[in-house]
Amino acid sequence: MTISHFIYNFTISNITSLKFIVDQQVEDIEMPENLKLNTFLDEFHSDCPHPECNFGFYGFAFGQSPFPVPQPIQDALIKNADKGAYAAVPGIPELRHAISKYNRHYFKMDIAPERIYVGPGTKELVFNLLEVLHGTVILPTPAWLGYLPQIRFLKKNYHMLPTRANKKISPVDLRKLALRLQDRQKILILNNPHNPTGLLYDRLELEEIADVCREQNITVISDEIYALTTYDFSRFVSMGKIYPEGTFVTNGLSKSHAAGGYRLGYVIFPQHTIELREQFKKILATEYTAVSTPIQHAAVAGFEISKELDDYFVATRNIHQMMGDYTYHALGAIDGVKTTKPDATFYLLADFNAFADDLHKIHITTSQKLSESLIVHPYHTAIVGGDSLVLERTDFSARIAYVDYDGVLVYQKYLQNRPKSSSERTEFVRNNAPKIVAGIDMIAEFFNNLKRDNIAKLETKKSSLVATD
Ligand SMILES: Cc1ncc(COP(=O)(O)O)c(C=O)c1O
């Protein structure tokens, strides 16, 4: 063996036996629930022996807008493919100006472009805000599944704020909690319109929350990524308007422009935050330098005010509303099921707790087990269970997303012939979103079977008791 062979073999054998030690901070965090679900579905389908499993599943779990990315954004991306230079950390000036105008037009807010920072999605920006802001986080529940892993990753102090029956933050409960917290600064995560309930906070509700925030020195991160999906858009009010001195508003392209994969979001800083913005800039510069330059140019087209985009927002929110109305009525028609009535987004929160006794009888004791039981043959129905929404593990609530249809086709069909009456709207859903219709029927069948099987078991037990009597 030559020396070089020896060195080669020695290196290879050492490489193959290398064991990497993962940093404890990463070991301690869990995979965010939506990604866990992806893995679970893949595993389930590769293990499932029934031919029906090839069909896939009724997808109520994934929160992604199915519509085409608006044409002006696509065109601008192609046109700017040659932009290879790094962009400025807070974003290219054209984009910050376009976002400023967009906010004036849609949200009636006058924001100087300097108060706007661009990042790779609002999820990252919320994370960056949690990095820069000292304080205990107040997380109202149920909550979007993205926040808690970030809070835990950053090892921030946090407190849940369970909402009451109306599923909205109670200002009284917020004040009570804030009074108990020692920190000089507290951070409330407000998500409006809300994932998973689809509910919208009106002006008065926001004002009441803002009063408590002023009194208790609570900073608000207002995640408004679903703002433009609000079905009656005239009802939407940004927390940035109500509490401008204490609110960080985040928004982006992901939901309203069906462009989650572009990874572009922005944050509006509160007034008088020059020093804080400099600190924030250090974080962005350290972590990702800037958002991809061609994407920023494409986003300029997305935030421009035009009739084409306006029509797109109107059409897409109308379709979301139709699907939401159908889902709300069809689920509500199942005896025992209660749901929120969405004002925006493409989600609602379904409450299956009326079946708790029946579920316990077949050893389904957690929302996770309920989700797993619904995904297996013969139901093939994917939902997001309560524990992924930061509810109690034993709470049989679930998020139902109503976007499982071909969005490109449905969008075209809607433009060709807009359904007007309520029967036409129902017909539209039946014809164009058959998986939503069949998936809700599956949920109904699951609970019918559950009740029927439990009754049958009880009957058998009774008759065997009679027989032994
Ligand atoms: C409430 C909420 N905030 C933020 C996000 C992530 O948005 P982005 O794609 O801009 O990171 C989502 C995506 O599902 C969401 O539902």
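Throughout this document, residue positions are counted from 1 along each chain, in the order its sequence is written. Reporting of local features is limited, given that this is a predicted model, to residues whose pLDDT is at least 70; pairs of side-chain atoms are given and counted only at 80 or more, and all residues count toward the totals for whole chains, interfaces and linings. Calculation of side-chain values draws on the structure's entire complement of heavy atoms; hydrogens and water are dropped beforehand.

Further remarks concern empty space enclosed by the protein. Rolled over the atoms, a probe as big as a water molecule pinpoints where empty space is left. Method remark: on a 1 Å grid restricted to protein atoms, a set of points is classed as a cavity if a 1.4 Å probe fits but cannot get out and as a pocket if it is open with protein on both sides within 12 Å along at least five of seven lines; lining residues have an atom within 4 Å of a point. Grid points are joined across faces, edges and corners, and a volume is the space filled by probe spheres set on the points. Scanning all chains against the criterion turns up four cavities of 30 Å³ or more. Of the voids in this model, the largest cavity is the one considered here, and its volume is about 90 Å³. Looking at the largest cavity, the residues that line it are Pro140, Pro142, Ala143, Tyr147, Thr163, Lys167, Ile169, Ile189, Leu190, Asn191, His194 and Tyr201. Under the DSSP-based scheme used, a helix requires at least four consecutive residues in state H or I and a strand at least two consecutive residues in state E, with every element numbered from the N terminus. No other element matches the three residues that strand S5 (residues 186-191) contributes to the lining of the largest cavity. Across the lining of the largest cavity, the residue classes break down as eight nonpolar, three polar and one charged. Of the pockets and cavities examined, the second largest cavity occupies roughly 40 Å³. Every residue along the wall of the second largest cavity is listed here: Ser65, Phe67, Leu228, Thr229, Lys255, Ser256, Phe313, Thr316, Arg317 and His320. By the convention adopted, Pro, Cys, Tyr, Trp, Phe, Met, Ile, Leu, Val and Ala count as nonpolar, Lys, Arg, Asp and Glu as charged, and the other residues, Gly among them, as polar. Partitioning the lining of the second largest cavity into residue classes produces three nonpolar, five polar and two charged. Boundaries of every domain are those given by an automatic assignment or by a domain database. Two domains each donate at least three residues to the lining of the second largest cavity, and these are domain 1 (55-60 + 309-462) and domain 2 (73-304).

Our next topic: the packing of aromatic side chains. Each aromatic pair joins two rings of Phe, Tyr and Trp (for Trp, the six-membered one) with centres within 6.5 Å, and gets the label stacked for planes under 30 degrees apart, edge-to-face for over 60, and tilted for any other angle. Tallying each qualifying case throughout the model produces 28 aromatic pairs. A centroid spacing of 5.3 Å and a plane angle of 65° characterise the contact between tyrosine 102 and tyrosine 106, whose relative ring orientation is edge-to-face. Here tyrosine 106 and tyrosine 102 lie together in helix H5 (residues 93-107), a separation of four residues that amounts to about one turn. Residue classification places tyrosine 102 among the buried positions, given a relative accessible area of 1%. Burial status follows relative accessibility: with a 1.4 Å probe on protein chains alone, a residue under 20% of its type maximum counts as buried, one over 50% as exposed, and anything between as partly exposed. Look at tyrosine 106 and you get buried, because its relative accessible area is 8%. Between the aromatic rings of tyrosine 102 and phenylalanine 107, the centroid separation amounts to 5.9 Å while the plane-to-plane angle is 85°, which identifies the pairing as edge-to-face. We note that tyrosine 102, like phenylalanine 107, is buried. An aromatic cluster is present here, built from Phe67, Tyr102, Tyr106, Phe107, Phe233, Phe236, Tyr266, Phe303, Tyr312, Phe313, Tyr405 and Tyr411 joined pairwise through their rings. We call a charge positioned over a ring when the NZ of a Lys or the CZ of an Arg lies within 6 Å of the ring centre and within 35 degrees of the ring normal. In this arrangement the basic side chain of lysine 168 is found over the ring face of tyrosine 201, its NZ or CZ atom lying 5.4 Å from the centre. Lysine 341 extends its terminal NZ or CZ atom over the ring of tyrosine 328, reaching a point 5.1 Å from the ring centre.

Within the structure, the ligand sits among 13 residues, and Asn195, Asp223, Tyr226, Ser254 and Lys255 are positioned closest to it. All accessible areas in this document rest on Shrake-Rupley with a 1.4 Å probe, and a residue is counted as covered only by the protein chains that are shown. Here the ligand has 400 Å² of accessible area as a free molecule, and 92% of this is covered by the chains. Taken together, the residues that form the shell around the ligand break down as four nonpolar, five polar and four charged. If a single non-hydrogen atom of a residue is within 4 Å of a molecule or strand, that residue counts as near it.

Turning next to the pattern of salt bridges. Note on definitions: salt bridges are taken to be side-chain nitrogens of Lys or Arg within 4 Å of carboxyl oxygens of Asp or Glu. Per the counting criterion, the structure on display carries 12 salt bridges. The partner of glutamate 207 in a salt bridge is arginine 203, with the nearest N and O atoms 4.0 Å apart. With glutamate 207 and arginine 203 both in helix H9 (residues 203-216) and four residues apart, this pair spans about one turn of that helix. Overall, the relative accessible area of 41% leaves arginine 203 in the partly exposed class. With a closest N to O distance of 2.6 Å, glutamate 245 and arginine 214 form a salt bridge. Of this pair, glutamate 245 sits in the loop between helix H10 (239-242) and strand S7 (247-252) while arginine 214 sits in helix H9; the two residues are 31 residues apart in sequence, bridging distant segments of the chain. Look at glutamate 245 and you get partly exposed, because its relative accessible area is 38%.

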